[in-house]
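The lines below spell out each chain.
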Amino acid sequence: MAKVFARIRQKIDLYPPEDWLQIKSIDMHTGGEPLRVIVEGFPELKGGSVLEYRRFCREHFDHLRTALMFEPRGHADMYGCILTPPNDENGDFGVIFLHNEGYSTMCGHAIIALSTLAVEMGWVDVREGDNTLKINAPCGRITAFAHMCQGKVTGVRFHGVPSFAVGLDRTVEVEGLGKVRYDLAYGGAFYAYVDMGKNHFDFDLTPNSYRNLISAGMDIKRAVVQQDAGVVHPFEEDLSFLYGTIFIGDPSRIRGTDRIEDATEPDVHSRNICIFAEGEVDRCPTGSGVSGRMAIHWAREEIEVGETIAIESITGSVFKGSVVSEQDYGPFKAVIPRIEGTAHITGTHIFIIDPNDPMKDGFILQ
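Keep in mind that what you see is a predicted model, and the values were worked out from it rather than measured. (Residues numbered from 1 in each chain as written. Predicted model: local features only at pLDDT ≥ 70, side-chain atom pairs only at ≥ 80, totals over all residues. Heavy atoms only, no water.)

(A) Main features of the packing of aromatic side chains. Counting across every chain of the model gives 16 aromatic pairs. Residues Tyr191 and Tyr193 carry aromatic rings whose centres are separated by 6.0 Å and whose planes lie at 70 degrees to one another, so their mutual orientation is edge-to-face. Residue classification places Tyr193 among the buried positions, given a relative accessible area of 1%. Measuring from centroid to centroid gives 5.7 Å for Phe203 and Phe247, while their planes differ by 85 degrees, and the two rings are edge-to-face. Remark: Phe247 occurs in strand S11 (residues 242-249) and Phe203 occurs in the loop between strand S10 (190-195) and helix H5 (210-227); sequence separation between them is 44 residues. (Phe/Tyr/Trp six-rings, centres within 6.5 Å; stacked < 30°, edge-to-face > 60°. Buried < 20%, exposed > 50% of the residue type's maximum accessible area, 1.4 Å probe, protein only. Helix = DSSP H or I, 4+ residues; strand = E, 2+ residues; numbered from the N terminus.)

What follows is the structure, given as structure tokens:
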């Protein structure tokens, strides 16, 4: 046994056959929400823009999305991204977002994580203070600012795409829930925002209601899709779909998953619980969702330019949102939102895909 154990210690490198695909990733989280950044080994995508790269990936390599997001390499709530060339010479890079249902149009937590990673990896010329990145997302150009202090990124803020409220205090009939009041807004993706104070549900916005939140969120999403004709982007058909439901409520006393503090943080305005894609629960406050929140507050004249609102997630992590400016955007009065948060690296992976593995494309259990 000692001889075998000694050999184990000496032989820890794996050399797969040449016909086995190897894909390398750097994994991160933003406020608890995972991000698998695919950095090497993914087949070349063809196109001239992020939307074209995304379309090509969906048509030719969707099995690799499921392989990397689904079990056994991922899980039902996994999230990832693929880096691409920028749309033009003024951009730094492009990004395609991946999840359990397909490909999203915007992801604020990924922008925060990628900006952190780009600076800490030295992908951009780094200096103390703010480091500016110009990132092409499917919804448009995102400008991010990663703040470096003594060799470490201490936080990221980004200016989102024009965000707008489509309609306030709309109602939809949902089986099992009755009449649900919601706001419809866009922050890089469309969401139905459901204020707990304007509705009467038998669940709350804590981890104890996790399953109820998924069920109700998906039921509301399906009902809004069937009824509401307002989920139409003014310029891009590929962006015209409802991504999820966001429940809004008072900030919770829960901080993390296993401890309770008596006092609510006084600077936290409210809580976002986002149910998106095919029943995923965002662990962070949802960057595009907070962007849409800024548009809703602006439409209701509840926020001024530069005023900051702190919004927490189901895990207690916090994003800060504010309005940079207002602009006309097609038929809408839109705002440019600013979202702030922090991200952390959790590890690296080299995923190996055996062509003879019957589960090579992944599976999902929910």
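(B) The pairing of S11, seen in detail. The element S11 is largely enclosed, with a buried count of eight among its eight residues. Pairing of S10 with S11, which is carried by six bridges, proceeds in the parallel orientation. Looking across to S11, one finds that Val194 is bridged to Phe247. The parallel pair S10 and S11 is bridged by H5, and the resulting crossover is right-handed. Of the strand pairs in this sheet, S11 and strand S12 (residues 268-276) are connected by six bridges, and their pairing is antiparallel. Counted as the bridge partner of Gly249 is Arg271 from S12. (Pairing = 2+ DSSP bridges. Right-handed = clockwise from strand over helix to strand, strands pointing away.)

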